[in-house]
2 protein chains.
Amino acid sequence: MYNFTYHNPTKIVFGKGTIAELKNLLSNDLKILLTYGGGSIKKNGVYDQVMTALKEHKVIEYGGIEPNPQYRTCMQAVRIVKNENIDFILSVGGGSVLDASKFIAAAALWRGDEPWDFVRKSLPLEAALPLGCVLTLPATGSESNPNAVISREETGEKLAFIDKHVFPQFAILDPETTYTLPERQVANGVVDTFVHVIEQYLTFPVNAPLQDRLAESILLTLVEEGPKALQNPLDYDTRATLMWAATLALNTLLSRGVPTDWTTHQIGHELTALHGIDHARTLAIFLPAVLKHQKKAKFKKLAQYGRRVWGLAQDDENQVVDQAIAKTIEFFKSLHVPVCLADVNLTPADVRQISASHQQRGSTLGEHGTIGPDEIAEIILLAA
Amino acid sequence: MYNFTYHNPTKIVFGKGTIAELKNLLSNDLKILLTYGGGSIKKNGVYDQVMTALKEHKVIEYGGIEPNPQYRTCMQAVRIVKNENIDFILSVGGGSVLDASKFIAAAALWRGDEPWDFVRKSLPLEAALPLGCVLTLPATGSESNPNAVISREETGEKLAFIDKHVFPQFAILDPETTYTLPERQVANGVVDTFVHVIEQYLTFPVNAPLQDRLAESILLTLVEEGPKALQNPLDYDTRATLMWAATLALNTLLSRGVPTDWTTHQIGHELTALHGIDHARTLAIFLPAVLKHQKKAKFKKLAQYGRRVWGLAQDDENQVVDQAIAKTIEFFKSLHVPVCLADVNLTPADVRQISASHQQRGSTLGEHGTIGPDEIAEIILLAA
């Protein structure tokens, strides 16, 4: 096991009716920027619950944040924060709104030249405005971690930044807010959560059996509960379990003391930047290809995954590993997400640029740092 | 699943050589009270590592804190804190030293009459001195929770208090500090951790499958890794896994959204208060009896526990449940701890007072609140 530090200051407020807690979480003298996305919160009652809880507060709204939030959209909000002397950012929506809010909170207090610098150059922040969230789409784990992903259309970039100053102060997780999500987003959330766990688990063993077991506990739960959410959308406990699973999958707990991969995410982000494919769907498309390509390097963990998560009992380890990858694909198919490029009407030639851009940057991916442009090209072929 | 809040502000610093981090965790201008127990830290090098890290700091020592820390011992330290204007309490040792330190931190700023009041009457604190710890014995989880247990010999009381103000600011967990523990304390730590998980898991189902899986992941790890620590005391990864397991078992995560029991702990605390039996050993003595007595109420979870943790595959659920309890006893025996009163040379008559004191207080125990004095008397007979 590796050395690590673990510090997660976010307060989780979880359950039915908890949006009303906002009035206790935010002192009355704060001037709040309420950020949101396409406006579904104004149709499903979430906005009304928020405004009722904040009826004593001064609230300014900033809506229209898109999925894969854009730098220019965030910078418009930064101007409002500065002009209006905003004290606190309240994100109401899913991971995209929250990621944008984290960027806005950081950019508002950034003292360097262009705020994009702290993303592109991974510069540390000195401070950020405090923020909190009402989460309506369990998937990204952003509600309880220091990460955000921001896109910049003009350069084709989709980049992550990580800084402890953007941990939300609190996250309100009311599973009932997820009842009105389209099936596609529910499935995406399950896949996103699943792949978050996989990227922290299917690496190489460092003799950290507890971390393995914790990861497997979330994977087993997703395999059992994910399909239920599609079959019975109004089952509260299933919604609650998926929401809590999404938080625990990426609240920095699972990766403590172990190596992590993130190849699937990095390649997936570029597919989103190039062709606008939903984030989770890019993961379902590339994960099977990454696992096939890295079968040898990940063999021991893949076998463990096959036995413990998929209950495979064959004596032949090689069969267990192949079956484990096949079961993963089957699971994604049961959630009606694409599992290869053809499923989204693309060919390897259409996404050639992913490999080329890594060539240009000279970056390598994976827990061993051995996946370069050539290997990415091979993975893309395996994902055909 | 029940509604819940989850907020754990403790920063964990985990791994080999991390005691040196103290100099970065504590600013130089703090006047520190270093609390410790019987003095083993002065023999095993831990004290030297701490003092090297704090060579720029003003440190006053307070040693001699006993296992099951006593109120009068803590109150002596409170006087020192006040006379010396101590700013920060640094606990170096196991759960007893840390629990005492939490009490000292709270009592030092208590504005009521007698500090024992906030324990006995469960009064909320307004404040506590900040504290941190270097943990040398993984067991109680106190390093990352708001709980402490304090004893008062003159009244025969051993009582818990819980308050968010006594979460440690940081906890340094260096598994190498546990190499020199006597086998008895290593075994006690595994049992304590195991029963912490059981008390949050073996209750009644509330359709919270993720919480179940998380609990099972820690139990499975303890079953596999616990005996290894006795067989191969210098295996770093085993020590590290047990240390991290002890923290996660009682850092308030497992109990979010589910009912908890604590019957075994409550009866066990009284056995310690009456006869000085090690805390973990009281748990090993009473848990099997509690499970036998509550077999019907806990039937569904006991069967799940048998299948998932012990791999029992019989068709007959009743056999699975009985076998699960038998396996638990076997596991405790493999760690060389007593599993009944006879193993510590006591009879049910010797501990009759436990039932009588509950009669007097009118308290009931268990997740259903149905375990009163008569049931406690029955459990004591089952633990003969």
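As the structure is a computational prediction, the values presented were derived from the model and not from experiment.

(A) Here's a closer look at the relation of the copies chain A and chain B. Taken as rigid bodies, chain A and chain B are interconverted by a rotation of 180° and an axial shift of 0.0 Å, the fit giving an RMSD of 0.0 Å. Taken together, the rotation and translation relating the two chain copies correspond to the operation of a two-fold axis. Residue A:Pro9 of chain A places its C-alpha closer to the rotation axis than any other residue of that unit, at 2.5 Å. In this assembly, 100% of the residues forming the interface of chain A have copies in chain B that are likewise at the interface, indicating an isologous arrangement.

(B) Layout of empty space enclosed by the protein. Counted by the stated rule, this structure contains six cavities of 30 Å³ or more. Quantified by volume, the largest cavity comes out at close to 140 Å³. In terms of lining, the largest cavity is formed by 19 residues, of which the most central are A:Tyr6, A:Asn8, B:Tyr6, B:Asn8 and B:Asn251. Counting only elements with at least two residues in the lining of the largest cavity, the list comes to helix H8 (236-249) of chain A together with helix H8 (236-249) of chain B. Along the lines of polarity and charge, the residues of the lining of the largest cavity split into eight nonpolar, eleven polar and no charged.

(C) A look at the packing of aromatic side chains. Per the counting criterion, the structure on display carries 34 aromatic pairs over all chains. Each ring, one from B:Phe118 and one from B:Phe161, has its centre 5.2 Å from the other, and the planes form 70°; the classification is edge-to-face. Here B:Phe118, found in helix H5 (residues 116-120), pairs with B:Phe161, found in strand E8 (residues 157-162); they are 43 residues apart in sequence, far enough to count as distant. Both residues of the pair, B:Phe118 and B:Phe161, belong to the buried class. A connected cluster of aromatic rings, assembled from ring pairs, spans A:Tyr71, A:Phe103, A:Trp110, A:Trp116, A:Phe118 and A:Phe161. Seen from the ring of B:Tyr236, B:Lys16 lies directly overhead, with NZ or CZ sitting 4.5 Å from the centre.

(D) Main features of the interface of chain A and chain B. Contacts between the two partners involve 38 residues from chain A and, on the opposite side, 38 residues from chain B. A buried area of about 3500 Å², summed over both sides, lies between chain A and chain B, and 60% of it is on carbon and sulfur atoms. Taken together, the links from chain A to chain B amount to two salt bridges. One salt bridge in this structure joins B:Glu224 and A:Arg213, with 2.6 Å as the shortest N-O distance. Taken together, the links from chain A to chain B amount to 14 residue pairs in polar contact (both at pLDDT 80 or more). Contributions of two or more residues to the side of chain A that touches chain B are made by strand E1 (4-6), strand E2 (11-14), helix H7 (209-231) and H8 of chain A. Examining the composition of the side of chain A that touches chain B, we find that eleven residues originate from one element, H7(A), more than from any other. Residues belonging to the side of chain A that touches chain B are distributed by class as follows: 19 nonpolar, twelve polar and seven charged. Pairing analysis gives three bridges linking E1(A) to strand E2 (residues 11-14) of chain B, with the strands arranged antiparallel.

(E) The arrangement of the environment of B:Val97 in detail. Residue and element names in this part refer to chain B. Of note, Val97 is situated in helix H4 (residues 95-108). Of the residues examined, Val97 reaches a relative accessible area of 5% and is grouped as buried. Between the C-alpha atoms of Val97 and Thr35, which are 62 residues apart in sequence, the distance is 6.7 Å. Every residue in contact with Val97, bar those within four places of it in the chain, is listed here: Thr35, Tyr36, Gly37, Ile65, Ser91 and Val92.

(F) Highlighting the sheet that holds strand E5 (residues 88-93) of chain A. Spatially, E4(A)-E3(A)-E5(A)-E6(A)-E9(A)-E2(A)-E1(B) is the arrangement adopted by the seven strands of the open sheet, whose pairing is mixed. A strand with exactly one partner marks an edge of an open sheet, and here the two such strands are strand E4 (58-62) of chain A together with strand E1 (4-6) of chain B. Shown here is a sheet whose adjacent strand axes are inclined to one another by a mean of 15°, direction ignored. Taken strand by strand, helix H3 (residues 71-83) of chain A contacts strand E3 (31-35), E4 and E5 of chain A, and its axis lies near 155° from that of E4(A). Lying on the sheet, helix H4 (residues 95-108) of chain A is in contact with E3, E5 and strand E6 (131-135) of chain A; it crosses E5(A) at an angle near 165°.

(G) Structural detail: the sheet that holds strand E4 (residues 58-62) of chain B. Taken in spatial order, the seven strands line up as E1(A)-E2(B)-E9(B)-E6(B)-E5(B)-E3(B)-E4(B) in an open sheet, and their pairing is mixed. Across the chains shown, the open sheet's two edge strands, defined by having one partner strand only, are E1 of chain A together with E4 of chain B. Geometrically, the sheet is characterised by an average inter-axis angle of 15° between neighbouring strands, direction not taken into account. Of the strand pairs in this sheet, strand E5 (residues 88-93) of chain B and strand E6 (residues 131-135) of chain B are connected by five bridges, and their pairing is parallel. Residue pairing across strands places B:Ile89 opposite B:Leu131, the latter belonging to E6(B). Packing against the sheet, H4(B) makes contact with strand E3 (31-35), E5 and E6 of chain B, and its axis sits at approximately 165° to E5(B).

What counts, and where the lines are drawn
- Residues numbered from 1 in each chain as written.
- Chains lettered and ligands numbered in written order.
- Predicted model: local features only at pLDDT ≥ 70, side-chain atom pairs only at ≥ 80, totals over all residues.
- Heavy atoms only, no water.
- Least-squares fit on C-alpha atoms with pLDDT ≥ 70 in both.
- Contact = heavy atoms within 4.5 Å.
- 1 Å grid on protein atoms, 1.4 Å probe; cavity = no way out; pocket = protein on both sides within 12 Å on 5 of 7 lines; lining within 4 Å.
- Points joined across faces, edges and corners; volume = space filled by probe spheres on them.
- Helix = DSSP H or I, 4+ residues; strand = E, 2+ residues; numbered from the N terminus.
- Nonpolar A, V, L, I, M, F, W, Y, C, P; charged D, E, K, R; others polar.
- Phe/Tyr/Trp six-rings, centres within 6.5 Å; stacked < 30°, edge-to-face > 60°.
- Buried < 20%, exposed > 50% of the residue type's maximum accessible area, 1.4 Å probe, protein only.
- Lys NZ or Arg CZ within 6 Å of the ring centre and 35° of its normal.
- Buried area = accessible area lost by both parts, 1.4 Å probe.
- Salt bridge = Lys/Arg side-chain N within 4 Å of Asp/Glu carboxyl O.
- Polar contact = N/O pair within 3.5 Å; in protein donor to acceptor, adjacent residues only side chain to side chain.
- Pairing = 2+ DSSP bridges.
- Axes fitted to C-alpha atoms, helices over the stretch in contact; angles between N-to-C directions.

Spatial relationships are all this shows, so hold off on functional conclusions.
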